[in-house]
Amino acid sequence: MRILIIGGRGYLGWQLYNYLNKKHHCQISKKKNIVDVYNLSPKKNKLKFAVIIILSGKNYSQINTKNIHERRKIVSYLLKNKIQSNLIIYFSTKMNYSKNLIKNSYVKSHRLAEEYLKKKYAKNSFKIIRLSNVFGLNFMPLKKNIKSSSINLFINDLIKNKKIKLKTPYAKREWITISDFLKLNEKIINGKKVNKINSKKITIKNFYRKLHEVRKSDGNFKNQFDYQIFKTFKILEKLNNKK
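Residues numbered from 1 in each chain as written. Predicted model: local features only at pLDDT ≥ 70, side-chain atom pairs only at ≥ 80, totals over all residues. Heavy atoms only, no water.

Points about the overall build of the protein chain
Along its length, the protein chain carries eight helices and eight strands. Relative to a compact globule of 243 residues, whose C-alpha radius of gyration would be 18 Å, the protein chain shows 18 Å and is just as compact. Taking the principal axes of its C-alpha atoms as reference, the protein chain extends roughly 55 × 40 × 35 Å. Out of the 243 residues in the protein chain, the part that is buried amounts to 50%. For the protein chain, the share of sequence-separated contacts (at least 6 apart) that also reach a separation of at least 24 residues comes to 74%. On the protein chain, roughly 14,200 Å² of surface is accessible, and the fraction owed to carbon and sulfur atoms is 49%. Charge separation in the protein chain, taken as the distance between the mean sites of 57 positive and 12 negative side-chain charges, equals 7 Å. (Helix = DSSP H or I, 4+ residues; strand = E, 2+ residues; numbered from the N terminus. Rg over C-alpha atoms; globule rule 2.2 N^0.38 Å. Buried < 20%, exposed > 50% of the residue type's maximum accessible area, 1.4 Å probe, protein only. Contact = heavy atoms within 4.5 Å. Areas by Shrake-Rupley, 256 points an atom, 1.4 Å probe, with all protein chains shown as cover. Lys, Arg positive; Asp, Glu negative; His and termini not counted. Charge placed at Lys NZ, Arg CZ, Asp CG, Glu CD.)

Points about the packing of helix H1 (residues 11-20) against helix H6 (residues 178-189)
Running from N to C, H1 and H6 cross one another at 60 degrees; their axes reach a closest spacing of 10 Å. As far as their axial angle goes, H6 and H1 are oblique. Between H1 and H6 lies a crossing of right-handed hand. Packed against H1, whose contacting residues are Tyr11, Leu12, Gln15, Leu16, Tyr19 and Leu20, the element H6 presents Ile178, Phe181, Leu182, Lys183, Asn185, Glu186 and Ile189 at the interface. For the contact of H1 with H6, a count of residues per class yields nine nonpolar, two polar and two charged. (Axes fitted to C-alpha atoms, helices over the stretch in contact; angles between N-to-C directions. Parallel < 35°, antiparallel > 145°, perpendicular 65-115°, else oblique. Left-handed = near helix turned anticlockwise from the far one by under 90°. Nonpolar A, V, L, I, M, F, W, Y, C, P; charged D, E, K, R; others polar.)

What to know about unusual backbone geometry
Unusually for a residue other than glycine, Lys82 sits at a positive phi of about 55 degrees. By secondary structure assignment, the location of Lys82 is in the loop between helix H3 (70-80) and strand S4 (84-93). Residue classification places Lys82 among the exposed residues on the basis of a relative accessible area of 64%.

A word on the sheet that holds strand S7 (residues 172-177)
Strand pairing in a sheet relies on backbone hydrogen bonds, with the paired strands running either antiparallel or parallel. What the three strands build is an open sheet, ordered S6-S7-S8; its pairing is mixed. One side of each edge strand has no neighbouring strand; the edge strands of this open sheet are strand S6 (133-135) and strand S8 (200-203). The mean inter-strand angle of the sheet, taken between neighbouring strand axes irrespective of direction, is 45 degrees. Both S7 and S8 contribute to a ladder of four bridges, which runs antiparallel. Along S8, the bridge assignment pairs Arg173 with Ile202. Across the sheet, helix H8 (residues 224-242) lies against S6, S7 and S8, angled at about 75 degrees from S7, the strand it touches most. (Pairing = 2+ DSSP bridges.)

Some words on the nonpolar core
The tendency in soluble globular proteins is for nonpolar side chains to be buried as a group. Counting 52 residues, the largest nonpolar core has Ile53, Ile89, Phe91, Phe181, Phe207 and Leu211 as its most contacted members. Looking at this core, the element that brings in the most residues is H8, giving seven residues. With residues near it in sequence (within four places) discarded, Ile89 still touches Val51, Ile52, Ile53, Ile54, Lys127, Ile129, Ile188 and Ile189. By size, the runner-up hydrophobic cluster in this structure holds 16 residues, among which are Phe49, Leu78, Ala113 and Phe126. (Core = buried A, V, L, I, M, F, W, Y, C linked by side-chain atoms within 4.5 Å.)

Everything listed is a geometric property; what it means functionally is a separate question.
Here it is, written out as structure tokens:
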């Protein structure tokens, strides 16, 4: 199966590429934040994919009124340049459910892309998945990729024995392990129904405590959540030792 991952060099995209490429033929977009058709393939018949996964776009701190249409432009670029697929998977944000964040630039950028998909594509040709905080590593990241996840940065700072300041320690967040994120993609690609995304809701402070507990443990865990934290520690320790 031919799969195109737009944003394949980002934190989630790189993990997904390594995971899916074991069973499928995956390509990642060459340019940052937009597909370059000519770099993908010069032949029109090569611009057909079974699945296109969109993970690209500015993060929460980078988005503003000037680049708010970036995500919508990525989706429209596919249509204008006749890059075809049987299914488009667009990863949005769970913050889209919040009425309090309706004017937030990051939320609005996702909403504009969602609206474009709904307007221009047939209902059964795309899926919009609204995610919360994904954390963890299953594969060695590209050097800059860990910066895309605040939790991975927390873990990296713990390894370096740096002090971490929590701005909103008692705010509850929904956390999804990278393993569950990867399995979610596999389910969708294989045409299976996804009724619920496996996640855990705890405060940032309690999550930070969990990081400390897991780091001191012997590595025997009964749940995937703790195991994923432990695995991320091990991968980032290797990365730090290489420097």
